[in-house]
Amino acid sequence: MGYRQRHAIPDLGVGVGLRTPHVAHVLRDGPPMDWFEIISENYFADGGIQRANLERAAAAYRLIPHGVSLSIGGTDPIDPGYLARLRALVSRVRAPWCSDHLCWTGSGKVDVHDLLPLPYNPETLSHVIDRVRRVQDELQVPFALENASSYMEFEASTMPEHEFLAELSERADCGILLDVNNVFVSAYNHGFDAEAYVDAIPADRVLQIHLAGHTHKGLYLLDTHSDHVRPEVLDLYRRALRRCGSVSTLVEWDESIPSWDVLSGEAAVARSVRDEVLGATSKEAAWGASA
Amino acid sequence: MGSLRLDEVQALLVGAVMHPAQLDADAAPPASALLRPSARGMTRASRLEVYREQFWIRHLASLTEDFSTLRWVVGERAFDELLRGYLQAYPPRGWNLQRLGADVPEFVASSAPWSADPLAGDAALLDWAFMEVFDAPDAPPLDLRVVAAAPPDAWPQARIAFLPALRRVVTGHAVHELRAAVKKGEECQRPLAAPTHAVVWRDAACFLHAVAVDPVAGELMRALLDGTRLGEACASVAAAHPAVDAETFDANVGQWFQQWTANGWVCAVDI
Ligand SMILES: [Fe+2]
């Protein structure tokens, strides 16, 4: 039995990231949207407007926490306070899973608040597997790691990223959040084959797909989440859907955030691609799970 | 470099990512030896530079949003220099970007040339108080029945609890008025020195406010915030102001308490 089926992971349809400029509209008018992703750390506080908004949003929509600061590949000990807050958030919004990135964010107690890549080799793999297991034991919901965009590669890497991620997910028994824009960006930056990457990811472990826009900087692509999803990335999305089947999809837009209409239009584009590839299968139906 | 442990690799990279000046082939940090040049012709150092540039963009933007009054006081260009100095003296720690500026008041008060301008120190204190009350823990509202039912002779023993999302800020300028004007985008003038006790708080609807309070009321709040019982707190503050007669002082305390509860500042009375 595949990972998604084993954990009864629902297909939530196509959602967008819940971001500050749209919160008032979403809470007041309740516009149609299949689901929202929230940045976990923004909702860790014990009080204030973010927490109040979270309660209201959770009453009206399905919310999935997505973190940026766990530092699963870091070498500082995992912060137990961080994990406790994440677990509390997951239970507050009754999330069927949560996610973070395959990366590290700091060292020696300094946090650079970025998603830094790892050297992909057997030593790093054992290190990350061990940390994923500990995190999963603590969280008690399925946990997925996202492939991050990257701009550097290590001399000490002995395997491609997709192989590292595939082996990590199998051995640590975790999910994968496949960001097809990040695959596209990193493929350009490092000169690997994006389609081969998508083809090598264990399809049944993909709990969620990310789509986003990026910025061309000449010698490299920068993962800015500041624009429409590129047609080439939608092609990669089609390929991922053909492999993975009926999987929740999320459009990320974090800079130069457009109007709600433009953002929900971007989700509609992704929805039509899904329908075209999967047929108009209803969300939630794929594994007989309920939201 | 191939034999380095992962923690050593990461320590080297953090140093390069936080480097204050641009990295290129001529200024390649030791960490660049860990990397491969890109298939598209980027050097090792220029690949690291992508991360270094983002480090500064991200943290400067975050602090700029958090310290709008301080920014106005020192001016845009000097503010950028101040923040760069701050981030080198106090590298970001922990996941919480909301806490990135926690040491800005200390840095401004103790580092030249910023420490020479008391208004800058006041602005940093006030801006940080706003950051703290923004997401401080919620508290249930005061149960007025407890207050109404308390026998008069029990009050001296009472402990007054203020909102977790409330800060007292003692400054040499009415910097809360400056902040309000800066936030509204109004034409501002440097305020003259004016010792001020301000209270910054988040109300039940999550709006943030700051008002000046009577300095003596501010002193009483400080004692109460420290956990001193009401009777003892009043006695010590009254002793510091012998010119005010006892009857007036008691009447003032009654009035202040009414104001505090009307503003929603008091969340519990342990009586
Ligand atoms: Fe993503």
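Now for a quick tour of the structure. As the structure is a computational prediction, the values presented were derived from the model and not from experiment.

### Description of the overall build of chain B
Point 1. Summing up its helical and strand segments, chain B has 11 helices and five strands in all.
Point 2. By the compact-globule yardstick of 18 Å for 271 residues, chain B is too spread out, its C-alpha radius of gyration being 25 Å.
Point 3. For chain B, the C-alpha atoms occupy an extent of roughly 80 × 40 × 30 Å along the three principal directions.
Point 4. By the burial criterion, 44% of the 271 residues in chain B qualify as buried.
Point 5. Intrachain contacts of chain B at a sequence separation of at least 6 include 66% that bridge at least 24 residues.
Point 6. Taken as a whole, chain B presents about 13500 Å² of accessible surface, with 54% of it coming from carbon and sulfur.
Point 7. Chain B carries 23 positive and 33 negative side-chain charges, and their two centres are separated by 10 Å.

### A look at the overall build of chain A
Point 1. Along the backbone of chain A there are 10 helices and 12 strands.
Point 2. Relative to its length of 291 residues, chain A is compact, with a C-alpha radius of gyration of 18 Å against a globular reference of 19 Å.
Point 3. With the principal axes as the frame, chain A shows a C-alpha extent of 50 × 40 × 40 Å.
Point 4. Looking at chain A residue by residue over its 291 residues, the buried ones come to 62%.

### Here's the deal with the coordination of the iron ion
Residue and element names in this part refer to chain A.
Point 1. Taken together, the protein donors to the iron ion comprise Glu-146 (OE), Asp-179 (OD), His-210 (ND1) and Glu-252 (OE), at separations of 2.0 to 2.4 Å.
Point 2. Around the iron ion sit four donor atoms, and with donor-metal-donor angles ranging over 84 to 170° the site reads as irregular.
Point 3. Written as a sequence motif, the donor residues of the iron ion are E-x32-D-x30-H-x41-E. Separated by 31 residues along the polypeptide, Asp-179 in strand S8 (residues 175–179) and His-210 in strand S9 (residues 206–212) bring together distant segments of the chain. We note that Asp-179, like His-210, is buried.

### So, the pattern of salt bridges
Point 1. In the structure shown here, the tally under the stated rule is 32 salt bridges over all chains.
Point 2. In this structure, the salt-bridge partner of Arg-5 of chain B is Asp-7 of chain B, at a minimum N-O distance of 3.0 Å.
Point 3. Each member of the salt-bridge network shares a partner with another, and the members are Arg-6, Glu-170, Asp-173 and Arg-205 of chain A.

### Quick notes on the environment of Phe-192 of chain A
All names here are of chain A.
Point 1. As for its placement among the helices and strands, Phe-192 is situated in the loop between helix H7 (180–190) and helix H8 (194–200).
Point 2. A relative accessible area of 28% places Phe-192 in the partly exposed class.
Point 3. Taking C-alpha positions, Phe-192 is 8.9 Å from Pro-160, a pair spaced 32 residues apart along the chain.
Point 4. What Phe-192 contacts, discounting residues up to four positions off in sequence, is Val-183, Ser-186, Ala-187 and Tyr-197.

### What to know about the interface of chain B and chain A
Point 1. In this assembly, 43 residues from chain B lie in contact with 50 residues from chain A.
Point 2. Taken over both partners, the interface formed by chain B and chain A buries close to 3800 Å², and the fraction arising from carbon and sulfur atoms is 61%.
Point 3. It is Arg-40, Tyr-51 and Trp-95 of chain B in chain B that bury the most area against chain A; as a group they hold 23% of the surface buried on that side.
Point 4. Our count for the contact surface shared by chain B and chain A stands at four salt bridges.
Point 5. Across the pair Arg-44 of chain B and Glu-155 of chain A runs a salt bridge whose closest N-O atoms are separated by 3.2 Å.
Point 6. Only helix H1 (6–17) and helix H2 (44–66) of chain B provide two or more residues apiece to the side of chain B that touches chain A.
Point 7. Sorting elements by how many residues they give to the side of chain B that touches chain A places H2 of chain B first, with 10 residues.
Point 8. Class assignment for the residues of the side of chain B that touches chain A results in 25 nonpolar, seven polar and 11 charged.

### What to know about helix H2 (residues 20–29) of chain A
One turn of an α-helix holds 3.6 residues; hence residues three or four places apart share an orientation.
Residues and elements named next belong to chain A.
Point 1. Those residues of H2 lying buried are His-22, Val-23, Val-26 and Leu-27. End-on view of H2: buried residues confined to an arc of 130°, all on one side of the axis. Along H2, exposed side chains directed more than 90 degrees from the buried face belong to Pro-21 and Arg-28.
Point 2. Against strand S2 (36–39), helix H3 (49–60) and helix H10 (260–278) lie the buried residues of H2.

### Description of the packing of helix H9 (residues 231–244) of chain A against H10 of chain A
All names here are of chain A.
Point 1. Closest axis-to-axis distance for the H9/H10 pair is 10 Å, and the angle between their directions is 45°. In terms of orientation, H9 and H10 fall into the oblique class. Both H9 and H10 take part in a crossing whose hand is right-handed. Residues Leu-234, Tyr-237, Arg-238, Leu-241 and Arg-242 of H9 pack against Val-269, Ala-270, Val-273, Arg-274, Glu-276, Val-277 and Leu-278 of H10.
Point 2. Taken together, the residues that form the contact of H9 with H10 break down as eight nonpolar, no polar and four charged.

### Concerning H3 of chain A
Residues and elements named next belong to chain A.
Point 1. Between its first and last C-alpha atoms H3 spans 17 Å; for 12 residues at 1.5 Å apiece the expected length is 16 Å, and the two agree.
Point 2. Inspection of H3 places Asn-53, Leu-54, Ala-57 and Ala-58 among the buried residues, and these make up the whole buried set. For H3, the angular spread of buried residues about the axis comes to 135°, placing them on one side. Exposed residues lying more than 90 degrees from the buried face of H3 are Ala-59 and Ala-60.
Point 3. If you follow the buried residues of H3, they end up packed against H2, S2, strand S3 (63–66) and helix H4 (80–92).

### Thoughts on the nonpolar core
Point 1. With 140 residues, the main nonpolar core has Leu-168 of chain A together with Leu-70 of chain B as its most contacted residues.
Point 2. Sorting elements by how many residues they give to this core places helix H6 (residues 118–134) of chain B first, with 10 residues.
Point 3. Apart from residues lying up to four places away in sequence, Leu-168 of chain A is in contact with Leu-102, Leu-125, Val-128, Ile-129, Val-132, Leu-145, Asp-173 and Cys-174 of chain A.
Point 4. Of all hydrophobic cores here, the second largest spans 31 residues; its members include Val-199, Trp-201, Val-213 and Cys-267 of chain B.

### Considering the sheet that holds strand S2 (residues 166–173) of chain B
Residue and element names in this part refer to chain B.
Point 1. One open sheet accounts for three strands, arranged S2-S3-S4; its pairing is antiparallel. Since the sheet does not close on itself, it has two edges, and those belong to S2 and strand S4 (208–213), each with one partner. The sheet shows a mean angle of 25° between the axes of neighbouring strands, taken without regard to direction.
Point 2. Both S2 and strand S3 (residues 193–202) contribute to a ladder of seven bridges, which runs antiparallel. In the strand pairing of S3, Thr-171 is matched with Thr-196.
Point 3. Against the sheet, H6 contacts S2, S3 and S4, and its axis sits at roughly 170° relative to S2.
Point 4. Its contacts with the sheet put helix H9 (residues 215–225) on S2, S3 and S4, and the angle it makes with S2 is roughly 140°.

Rules and cut-offs
- Residues numbered from 1 in each chain as written.
- Chains lettered and ligands numbered in written order.
- Predicted model: local features only at pLDDT ≥ 70, side-chain atom pairs only at ≥ 80, totals over all residues.
- Heavy atoms only, no water.
- Helix = DSSP H or I, 4+ residues; strand = E, 2+ residues; numbered from the N terminus.
- Rg over C-alpha atoms; globule rule 2.2 N^0.38 Å.
- Buried < 20%, exposed > 50% of the residue type's maximum accessible area, 1.4 Å probe, protein only.
- Contact = heavy atoms within 4.5 Å.
- Areas by Shrake-Rupley, 256 points an atom, 1.4 Å probe, with all protein chains shown as cover.
- Lys, Arg positive; Asp, Glu negative; His and termini not counted.
- Charge placed at Lys NZ, Arg CZ, Asp CG, Glu CD.
- Donors = N, O, S within 2.8 Å, 3.2 Å for Na, K, Ca; no water.
- Tetrahedral: all angles 85-135°; square planar, octahedral: opposite > 155°, others 65-115°.
- Salt bridge = Lys/Arg side-chain N within 4 Å of Asp/Glu carboxyl O.
- Buried area = accessible area lost by both parts, 1.4 Å probe.
- Nonpolar A, V, L, I, M, F, W, Y, C, P; charged D, E, K, R; others polar.
- Arc of directions from axis to C-beta.
- Axes fitted to C-alpha atoms, helices over the stretch in contact; angles between N-to-C directions.
- Parallel < 35°, antiparallel > 145°, perpendicular 65-115°, else oblique.
- Left-handed = near helix turned anticlockwise from the far one by under 90°.
- Expected span 1.5 Å × (residues − 1).
- Core = buried A, V, L, I, M, F, W, Y, C linked by side-chain atoms within 4.5 Å.
- Pairing = 2+ DSSP bridges.

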